[in-house]
Amino acid sequence: MNQGVQTVDYTGFSIYFCGMAGSAFVSLVKKDLLLEWRQKHTLFGVLLYVGATVFVIYMMSGQPESHTWNALFWITQLFVAVNSVAKSFLQEHPHRFRYYFTLVRPATFLLAKMVYSVLLMLAMSLVSLLLYYVMLGWPLVQGGLFVVITLVGSLSLSVVFTFLSAIAARANQNAALMAILGFPLVTPVLMILSKLALKALEPVYMPGWSSLALVLVALDILVLFLGVILFPFLWQE
């Protein structure tokens, strides 16, 4: 029997707030992409850096053997990530964070920055791979597998450096802090990616390859989980 007690439809509220969060997330990603496109000097500067790096490697080593090729490629990816992805938070003015604080949740802001960084790093990685193919040869037995590993590596480096950039930006724009914290995080990621890529260089069976892939996925999830948990505390002044 209805005694005048009114029930509240929490489902409608949850759908409404999820829709608002999704809209803010998409808007933040589009904003960063539009700024990157309008500031073409920054984008073309990174492209010039990639091209110059690969050209210098070609002038110094020609077309190296497969293992050296693999090592040089991932070292190049590291420097590309530092010059393109790591600036995602550092390019924001400190006072602008207060404005973002009134608009979106910190987790939404962090995830939007990560998606932007992943898209940018994917583009730079494909350009690097193309330049390596043109200048340094193609010593790969399984080229498709190496492309997949490159894309996964771009995602891993983007997530790590975006998280480090967020910490550095909230610590008085201290870029040195990013370098100090980045070494113990990036080194195992690069070692795992280099070992995973060896499967694309040699047709022989490699034991433990799937375990390395799972470890890399676990590291990415761990960094993402830590970022979502810790960034709200960094967000607050």
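For the structure itself, look to the data block above.
Predicted, not measured: the structure shown is a model, and the values here were computed from it.

1. Description of the overall build of the protein
When helices and strands are tallied, the protein shows nine helices and zero strands. Secondary structure of the protein in N-to-C order comes out as α-α-α-α-α-α-α-α-α. Residues classed as buried in the protein amount to 39% of the 237 residues present. Taking contacts inside the protein between residues at least 6 apart in sequence as the whole, the part at least 24 apart equals 83%. Working note: accessible area of the protein is about 13100 Å², and carbon and sulfur atoms make up 72% of it.

2. Considerations on the packing of helix 2 (residues 40-61) against helix 3 (residues 66-84)
Interhelical geometry of helix 2 versus helix 3 gives an angle of 155 degrees and a closest axis separation of 10 Å. Viewed along their axes, helix 2 and helix 3 adopt a mutual orientation that is roughly antiparallel. Once helix 2 is placed against helix 3, the crossing between them reads as right-handed. Listed contacts from helix 3 to Val46, Tyr49, Val50, Thr53, Ile57 and Ser61 of helix 2 are Leu72, Thr76, Phe79, Val80, Asn83 and Ser84. Classifying every residue of the contact of helix 2 with helix 3 gives seven nonpolar, five polar and no charged.

3. Here's the deal with the side chain of Ser128
Mapped onto the fold, Ser128 is located in helix 6 (residues 106-135). Residue classification places Ser128 among the buried positions, given a relative accessible area of 0%. A polar contact of 3.4 Å, which involves the side chain of Ser128, links it to the side chain of Gln77. Once you skip the residues sitting within four places of it in the chain, Ser128 turns out to touch Val50, Phe73, Gln77 and Val80.

4. Quick word on the environment of Gly227
Counting through the fold element by element, Gly227 comes out in helix 9 (residues 209-235). Separated by 117 residues in sequence, Gly227 and Leu110 place their C-alpha atoms 7.6 Å apart. Every residue in contact with Gly227, bar those within four places of it in the chain, is listed here: Leu110, Phe163 and Pro232.

5. A word on the nonpolar core
Grouped together as the largest cluster of nonpolar side chains are 56 residues, with contacts concentrated most on Trp74, Phe146 and Leu157. Ranked by the residues each element gives to this core, the list is headed by helix 7 (residues 143-170), at twelve residues. Dropping the residues within four chain positions of it, Phe146 is found in contact with Trp69, Asn70, Phe73, Trp74, Leu129, Leu140, Ala197 and Ala200.

Reading guide: rules and limits
Residues numbered from 1 in each chain as written. Predicted model: local features only at pLDDT ≥ 70, side-chain atom pairs only at ≥ 80, totals over all residues. Heavy atoms only, no water. Helix = DSSP H or I, 4+ residues; strand = E, 2+ residues; numbered from the N terminus. Buried < 20%, exposed > 50% of the residue type's maximum accessible area, 1.4 Å probe, protein only. Contact = heavy atoms within 4.5 Å. Areas by Shrake-Rupley, 256 points an atom, 1.4 Å probe, with all protein chains shown as cover. Axes fitted to C-alpha atoms, helices over the stretch in contact; angles between N-to-C directions. Parallel < 35°, antiparallel > 145°, perpendicular 65-115°, else oblique. Left-handed = near helix turned anticlockwise from the far one by under 90°. Nonpolar A, V, L, I, M, F, W, Y, C, P; charged D, E, K, R; others polar. Polar contact = N/O pair within 3.5 Å; in protein donor to acceptor, adjacent residues only side chain to side chain. Core = buried A, V, L, I, M, F, W, Y, C linked by side-chain atoms within 4.5 Å.

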